[in-house]
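Architecture and fold: a report
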Amino acid sequence: MNPAGDIAMKSATLVLEKSKITAPQPQSSPSNCVLDLWEQGIERYAHCAAAVARLIVAEPALVSGFADPAAVESALRAALSRNLTGGKTSSPAFWFSATAQFMVLTARPSDAVAIYRQGLDHLKTACGHNHAETHTLAQEMERLLRLLGREEEACAIGHELRVKPLMAQDDEGSMLALRGNAYDAFAAGRYAEAEAIYRHLLARNFEPAGTHCHLARVLLALGRDADARDEVIRAWDAYTGDETYIAVRILYLKALLAALGGENVSGPLTAIEQNLLNQPETRRTWLIEPILERVQSMLTPKTYAQFARLSRIISGGAMD
Amino acid sequence: MAIFKPRNSSPQPIRFVEGSDVPATHLMGFEQEMALCATKSSGPVPDLEILLKKLCEIAEESLIHLRGFGDSGIFIANGGRLYVDCLKYEYAGPECSDPDEMVKYLLAGERILAALASELARRTGLDDAGLYRCNVDYVGSATWGAHESYLTRSEPSKLSADLIPFLAARVITAGAGGFRPLTRTGCTFTLSPRAWHICVPMSQSSTGAGERGIFHVKDETLSTGYHRLHVLVGDAICSHAQNWLKFATTSIVVALADAGLHPAREMALCDPVDALREFASDPTCKATARAKSGRQLSAADIQRHYLKLARQHMHADWMPAWAAMAIEKWDAMLRQLDGAPDSVATCLDWAIKYRVFQSHIEKKGFDQKWLRNCTHLTDFLRCCLDATPSAASLSEFSPELLLNPRGPVRKIVSQLAPFLPSRAMEWGQLETYLKLRSELFALDFKFGRLGEKGIFNCLDRAGVLDHRVAGIDDAQIDYAAAHPPALGRAKLRGEAIRRLHKKGSRDVSNWTSVFDSGNGMLLNLSDPFIAEEIWSKKGNPNTACNFPF
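Thresholds applied
Residues numbered from 1 in each chain as written. Chains lettered and ligands numbered in written order. Predicted model: local features only at pLDDT ≥ 70, side-chain atom pairs only at ≥ 80, totals over all residues. Helix = DSSP H or I, 4+ residues; strand = E, 2+ residues; numbered from the N terminus. Buried ≥ 20, exposed ≤ 12 C-beta atoms within 10 Å, placed from the backbone. Contact = placed C-beta atoms within 7 Å. Rg over C-alpha atoms; globule rule 2.2 N^0.38 Å. pLDDT = per-residue confidence, 0-100. Axes fitted to C-alpha atoms, helices over the stretch in contact; angles between N-to-C directions. Parallel < 35°, antiparallel > 145°, perpendicular 65-115°, else oblique. Nonpolar A, V, L, I, M, F, W, Y, C, P; charged D, E, K, R; others polar. Pairing = 2+ DSSP bridges. Core = buried A, V, L, I, M, F, W, Y, C linked by C-beta atoms within 7 Å. Expected span 1.5 Å × (residues − 1).

Quick word on the overall build of chain A
Looking only at helices and strands, one finds 17 helices and zero strands in chain A. Here chain A holds 320 residues, and the buried ones make up 40% of them. When contacts within chain A are restricted to residue pairs at least 6 apart in sequence, long-range pairs at least 24 apart make up 53% of them.

Structure (structure tokens):
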């Protein structure tokens, strides 16, 4: 593990430390691990709590049998094993989740990640990528990875479970869903992921004007201005005049690239503003701040202010 | 220790940043949902729906008002609105330009509603009728919202990342206190019961179970040229100072974000919902959550970060005139929270409740530790009952069911018996615990009742609280009940309502216009800062199809 990852894991372990179950202390009357589990907040881990309860309902003597966390873990693993080989009533996703949650509760997040991985491998084979249980378990794993600061791994899970299956489809619904994923990736600053999805959509000629424009925005965020310029040209070439809001955005990016090249863009910006005034339907949400933030130091304060103001208007803000 | 000093409360004129349309006057508003509860010793209490309808009739008879468009209740002379939504009675205050006004109009509305409830009891022969700021229902899953609105120039969705850490962290200064809802058997104190109904960082929905977000992306602007940020993660609170601070600090943080300063750049939380719940679980306010930067941050750490940035920009031309004073009060409150819960036990709702609950628990001869142990034991047994084959038919959680020698968890109960003494528990106390739990929930419910019977108001009258905002007195609150704020469109709306109000009038109002049906004239209020009444002719007022909205 790299040093950054190591630090992340250590601090995550610290976070989870407070929920660690302590070994039973000698007392005048016996302690009980089951009640300890509830004291330590097991109810926050719904599957784990339900799993422990299920085990005890099936075998009440486990109340005494669960003398320490190791006994509980052993019982959970055994139940998981039974369910992997079980019949129609088995629910391996539930037991994978419960066991992983127990690992988190006992401050062993890396063991939890391992259980989740094992569970996903099993479910992908047994139920398929698109099965609801596979997605639910993947989401749990993603959330834990994010909590541990393992952002890249979390993204990879999301990509494999949400994006890859959509990429295998060519229908319009999948394309739209993919574009939504690309936008989410862009908004979250995962530009490389967004670029890959937009390129995939362009390879299938999905709404080329808009998609080239989206891609240009991503490339600008990545600082690849020359590539962005090419995409803006392609967007303009592909623009058919149907969706005027796209034209406004293409022209905005064109003007921005021109300004970054040192050109005076007051004229084009005024023209865009006039267009917005005449066609209010072109004003709708547009996320451009990350790009403006990146290029702010490359523009004069006046030009930057013009672009910032125009972006607000494009997004539906007030016009003077 | 009083943290709110006397000050001049005369309203500041509307200001804009010189040479631009950026307002330095910050408009804001609130909506508060309330539960109506009635008792009658002889005969059945009428259905809630009937009582709410009667309450609306009383409001129409006794208040200067215009009907809202469609079925949207009434707009009253102070510029606010009263209506019924999903069997909840709701008061939405007029647009206000500073936190003093917000508190005044909140209290004015509460005064109006308390009087309406009393009149309802009198007219319908009820023993009692009251409206309650109860936030959550501990039996079911209903909630009563206390939402805020802040005027912005940015689309709300673009402010989400900047505001989510603040909205999660403000629970320590804005929480109502109570118990964790949705547990069925537990009794665990929380700084904010509604925090447990928040399930995602961002949402479109404000009502759906499992869908409410810390940040609400709704963008129903109700104006031209501006946006409206709708904040739904919040509780209805009683303390005047706490309400003041909630409105002031949120307005300032929204202004920082709206100005493009990205105030949360270093504060992004790995899991904001988990962080909110962690913060809400700790009455000492020391709980921490992990930021994406890798740091462990307490709610106070996060608020101090925003406070620091606010101080740096305190004199910016887009900051409101009251910002400097708000920043001082904010700073003082964060310092005071170092000693929470005791240090804030007379001024913040959650800490006042914490003391009230503590006192009741001790009066019954128990302590928090015992209550926690009982919570864990009953939660465990509830889980076991759920896991039994007969779970579906077990709606009632009772000692009889648990301790029944032929009951579904009898073997587990007998297995657990040897482990109870070390936790100072015995099975015989189960009924006592469930009774105490009900009593504590009832205390929480009664705490926020409007009018003199509310526990908060009783404590206030007894002089044991320190929550008042200097400069806001009874006369001002009475005035605010019948008159609009001094600035902005609420002023014009309120004045027009007062002039047009007459019995049987077909004149109507909504947030963005008032329609004078007699003259077919429309007052356009879509500019929230409008200062002058400009009426324009609008079709034939006698035909519904020419209705202006």
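Things to note about the overall build of chain B
A count of helices and strands for chain B gives 16 helices and 18 strands. Against the 2.2 N^0.38 benchmark of 24 Å for 549 residues, chain B shows a C-alpha radius of gyration of 25 Å, consistent with a compact globule. Oriented by its inertia axes, the alpha-carbon framework of chain B measures out at about 80 × 60 × 45 Å. A buried classification covers 49% of the 549 residues belonging to chain B. Across chain B, the fraction of contacts at a sequence separation of at least 24, relative to all contacts at a separation of at least 6, is 67%.

Quick word on the interface of chain A and chain B
One widely used convention gives an interface's size as the accessible area the parts lose upon coming together. At the interface, 37 residues of chain A touch 29 residues of chain B. Breaking the side of chain A that touches chain B down by element, the ones donating at least two residues are helix H1 (3-17), helix H2 (33-39), helix H3 (46-58), helix H4 (62-65) and helix H8 (132-147) of chain A. Among the elements that line the side of chain A that touches chain B, the one with the most residues is H3(A), at six residues.

Comments concerning the confidence of the model for chain B
A residue-level look at chain B finds 94% of positions with pLDDT of 70 or above and a mean pLDDT of 90. The low-confidence segment residues 1-9 of chain B (pLDDT under 50) makes 19 contacts with residues lying over four places distant or belonging to another chain.

Thoughts on the packing of helix H2 (residues 99-124) of chain B against helix H15 (residues 474-482) of chain B
Residues and elements named next belong to chain B. Their axes nearest at 8 Å, the elements H2 and H15 cross at an angle of 75°. As judged from the angle between their axes, H2 and H15 are roughly perpendicular. Every residue of H15 that contacts H2 at Lys-104, Tyr-105, Leu-107, Ala-108, Arg-111 and Ile-112 is listed here: Gln-476, Ile-477, Ala-480 and Ala-481. Its residues assigned to classes, the contact of H2 with H15 comprises seven nonpolar, one polar and two charged.

Focus: the pairing of strand E4 (residues 81-85) of chain B
All names here are of chain B. Pairing of strand E3 (residues 74-76) with E4, which is carried by two bridges, proceeds in the antiparallel orientation. Across the sheet, residue Ile-74 finds its bridge partner in E4, namely Leu-82. The hairpin turn running from E3 into E4, its antiparallel successor, is four residues long, and Gly-79 in that turn takes a positive phi close to 90°. As paired strands, E4 and strand E5 (residues 88-92) are joined by five bridges and run antiparallel to one another. The residue bridging Arg-81 from the neighbouring strand is Ala-92, located in E5. Here E4 folds back onto E5, and the loop between the two strands holds two residues, one of which, Cys-86, carries a positive phi near 50°.

Observations concerning the nonpolar core
Judged by nonpolar contacts, the single largest core of 201 residues is most densely connected at Val52(A), Ile56(A), Ala168(B), Val171(B), Leu276(B), Phe279(B) and Cys384(B). Once you skip the residues sitting within four places of it in the chain, Ile56(A) turns out to touch Val34(A), Leu62(A), Val63(A), Cys384(B) and Ile412(B). Of all hydrophobic cores here, the second largest spans 41 residues; its members include Phe186(A), Ile197(A), Leu215(A) and Leu253(A).

Quick look at the environment of Ala114(A)
Residue placement: Ala114(A) occurs in helix H7 (residues 109-126). Judged by the 13 C-beta atoms lying within 10 Å of it, Ala114(A) is partly exposed.

Details of unusual backbone geometry
Pro341(B) follows Ala340(B) through a cis peptide bond whose omega is 5°. The residue Pro341(B) is located in the loop between helix H8 (323-336) and helix H9 (349-363) in this model. Phi is positive for Glu207(A), which is not a glycine, with a value near 35°. Tracing the sequence through the fold places Glu207(A) in the loop between helix H11 (191-203) and helix H12 (208-221). In the Ramachandran plot, Leu222(B) falls in the positive-phi region, its phi being about 55° despite a non-glycine side chain.

Observations concerning the confidence of the model for chain A
Any residue range with low pLDDT should be treated as having predicted coordinates unsuitable for detailed reading. Residue and element names in this part refer to chain A. In the predicted model, chain A carries a mean pLDDT of 84, and 87% of its residues have values of at least 70. Within chain A, H12 carries the highest mean pLDDT (96), whereas H1 carries the lowest (39). Confidence drops under a pLDDT of 50 for residues 1-28, and excluding neighbours within four residues, the segment shows 43 contacts in the predicted structure.

Concerning the environment of Ile42(A)
Residue and element names in this part refer to chain A. Checked against the element boundaries, Ile-42 lands in the loop between H2 and H3. Distance in space between the C-alpha atoms of Ile-42 and Leu-105 is 7.0 Å, their sequence separation being 63 residues. Sequence-distant contacts of Ile-42, defined by excluding residues within four places in its chain, comprise Leu-37, Cys-48, Ala-49 and Leu-105.

A few points about the packing of H3(A) against helix H5 (residues 69-84) of chain A
In helix packing, the relevant descriptors are the interaxial angle and the interaxial distance, both defined with respect to the helix axes. Residues and elements named next belong to chain A. At a minimum axis distance of 11 Å, the contact between H3 and H5 shows a crossing angle of 85°. On the basis of the axis angle, H3 is roughly perpendicular to H5. For the pair H3 and H5, the contacting residues are Ala-51, Val-52 and Leu-55 in the first and Val-72, Ala-75, Leu-76 and Ala-79 in the second. Tallied by class, residues from the contact of H3 with H5 come to seven nonpolar, no polar and no charged.

Examining helix H6 (residues 272-280) of chain B
Note that an α-helix has 3.6 residues per turn; residues three or four places apart therefore point the same way. Taking burial as the measure, the nine residues of H6(B) include eight buried ones, the bulk of the element. Listed in full, the buried residues belonging to H6(B) are Pro272(B), Val273(B), Ala275(B), Leu276(B), Arg277(B), Glu278(B), Phe279(B) and Ala280(B).

A look at the environment of Ser41(B)
With respect to the element layout, Ser41(B) can be found in the loop between strand E1 (28-39) and helix H1 (48-62). With 86 residues separating them along the chain, Ser41(B) and Asp127(B) place their C-alpha atoms 6.6 Å apart.

Comments concerning H2(B)
An ideal rise of 1.5 Å per residue puts 38 Å on 26 residues; H2(B) measures up with 37 Å between its terminal C-alpha atoms. With its phi angle positive at about 70°, Gly125(B) sits one or two positions after the end of H2(B).

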